[in-house]
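Summary of structural features
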Amino acid sequence: MSKYKLAVSDKVRVPMIFEIQDGEKIKRFNFSLTCVRLDVDEFQESNKNSDGVTTNEKIRETMIRITEGWTNQTFVLDEAKQPAPCDEEAKEIMFKAANVLDIAVASYMKESAAKAKNL
């Protein structure tokens, strides 16, 4: 274990902004996830199966594990059509929707990465 630490929080706010067809309409969602910040090596390693191959299932497992909460989430609803709490089942449902896992991973990588700023 290193005696050094990055000067940033170990949490990352991950915006989730996307549209999905809802019958005859397009429905827009705009919420954010709160995720644990992993370094690049940790993230890549956690996405590999026992054979060392990155799989969608392992990526989904990683995102479920590192997602600790969400804000203004209206994509996953309970039986009363209210926003679901951020529990394992709700996260599984969300990340199984077509392309949502890809959006989450891309947004996570973008938000957890350093960005060059020209002054």
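Scroll up to find the structure this text is about.
Report on the accompanying structure. Computed from a predicted structure; not experimentally measured. (Residues numbered from 1 in each chain as written. Predicted model: local features only at pLDDT ≥ 70, side-chain atom pairs only at ≥ 80, totals over all residues. Heavy atoms only, no water.)

Next up on the list: the pairing of strand β1 (residues 11-22). Pairing of β1 with strand β2 (residues 25-36), which is carried by twelve bridges, proceeds in the antiparallel orientation. Residue pairing in the sheet places arginine 13 in a bridge with threonine 34 of β2. (Pairing = 2+ DSSP bridges. Helix = DSSP H or I, 4+ residues; strand = E, 2+ residues; numbered from the N terminus.)

Whenever strands of a sheet pair, they do so through backbone hydrogen bonds, lying parallel or antiparallel. Strand order in the open sheet formed by three strands is β1-β2-β3, and the pairing between neighbours is antiparallel. At either margin of the open sheet sits one strand with a lone partner, and together these are β1 and β3 (67-71). On average, each strand axis in the sheet is inclined to that of its neighbour by 30 degrees, with strand direction left out of account. Of the strand pairs in this sheet, β2 and β3 are connected by four bridges, and their pairing is antiparallel. Directly across from cysteine 35, in β3, lies its bridge partner threonine 67. (Axes fitted to C-alpha atoms, helices over the stretch in contact; angles between N-to-C directions.)

Tallying each qualifying case throughout the model produces six salt bridges. The partner of arginine 60 in a salt bridge is glutamate 57, and the shortest N-O contact between them spans 3.4 Å. Separated by three residues within a single helix, arginine 60 and glutamate 57 lie in helix α2 (residues 56-66), roughly one turn from each other. Relative accessible area serves as the criterion here: at 17%, arginine 60 is assigned to the buried category. (Salt bridge = Lys/Arg side-chain N within 4 Å of Asp/Glu carboxyl O. Buried < 20%, exposed > 50% of the residue type's maximum accessible area, 1.4 Å probe, protein only.)

For lysine 81, which is not glycine, the phi dihedral falls at a positive 65 degrees. Position of lysine 81 relative to the elements: it lies in the loop between β3 and α3 (88-96). The exposure class assigned to lysine 81 is exposed, which follows from its relative accessible area of 66%. Here the phi dihedral of asparagine 99 falls at roughly 75 degrees; this positive angle occurs in a residue that is not glycine. For asparagine 99, the location among the structural elements is in the loop between α3 and α4 (100-112).

Membership of the largest hydrophobic core comes to 27 residues, with the highest contact counts inside it found for Phe31, Leu33, Met63, Phe75, Met94, Phe95 and Tyr108. Those elements that place two or more of their residues in this core are β1, β2, α2, α3 and α4. Ranked by residue count, the leading element in this core is α4, at five residues. With near-sequence residues (within four places) excluded, leucine 33 lies in contact with Val12, Arg13, Val14, Met16, Thr67, Gly69, Trp70, Met94, Phe95 and Ala104. (Core = buried A, V, L, I, M, F, W, Y, C linked by side-chain atoms within 4.5 Å. Contact = heavy atoms within 4.5 Å.)

This paragraph deals with α2. Every buried residue of α2 is listed here: Ile59, Arg60, Thr62, Met63, Ile64 and Ile66. Lining the buried residues of α2 we find β2, α1 (40-46), β3, α3 and α4.

Between the first and last C-alpha of α4 there are 18 Å, a value that for 13 residues agrees with the 18 Å anticipated at 1.5 Å per step. For α4, the complete set of buried residues consists of Val100, Leu101, Ala104, Val105, Ser107, Tyr108 and Ser112. At its buried positions, α4 is contacted by β1, β2, α1, α2 and α3. (Expected span 1.5 Å × (residues − 1).)

This brings us to the packing of α2 against α3. Interhelical geometry of α2 versus α3 gives an angle of 135 degrees and a closest axis separation of 10 Å. By the angle between their axes, α2 is oblique relative to α3. In the crossing of α2 with α3, the sense of the turn from one axis to the other is right-handed. Contact residues: α2 offers Arg60, Met63 and Ile64, while α3 offers Glu88, Lys91, Glu92, Phe95 and Lys96. For the contact of α2 with α3, the class distribution of residues is three nonpolar, no polar and five charged. (Parallel < 35°, antiparallel > 145°, perpendicular 65-115°, else oblique. Left-handed = near helix turned anticlockwise from the far one by under 90°. Nonpolar A, V, L, I, M, F, W, Y, C, P; charged D, E, K, R; others polar.)

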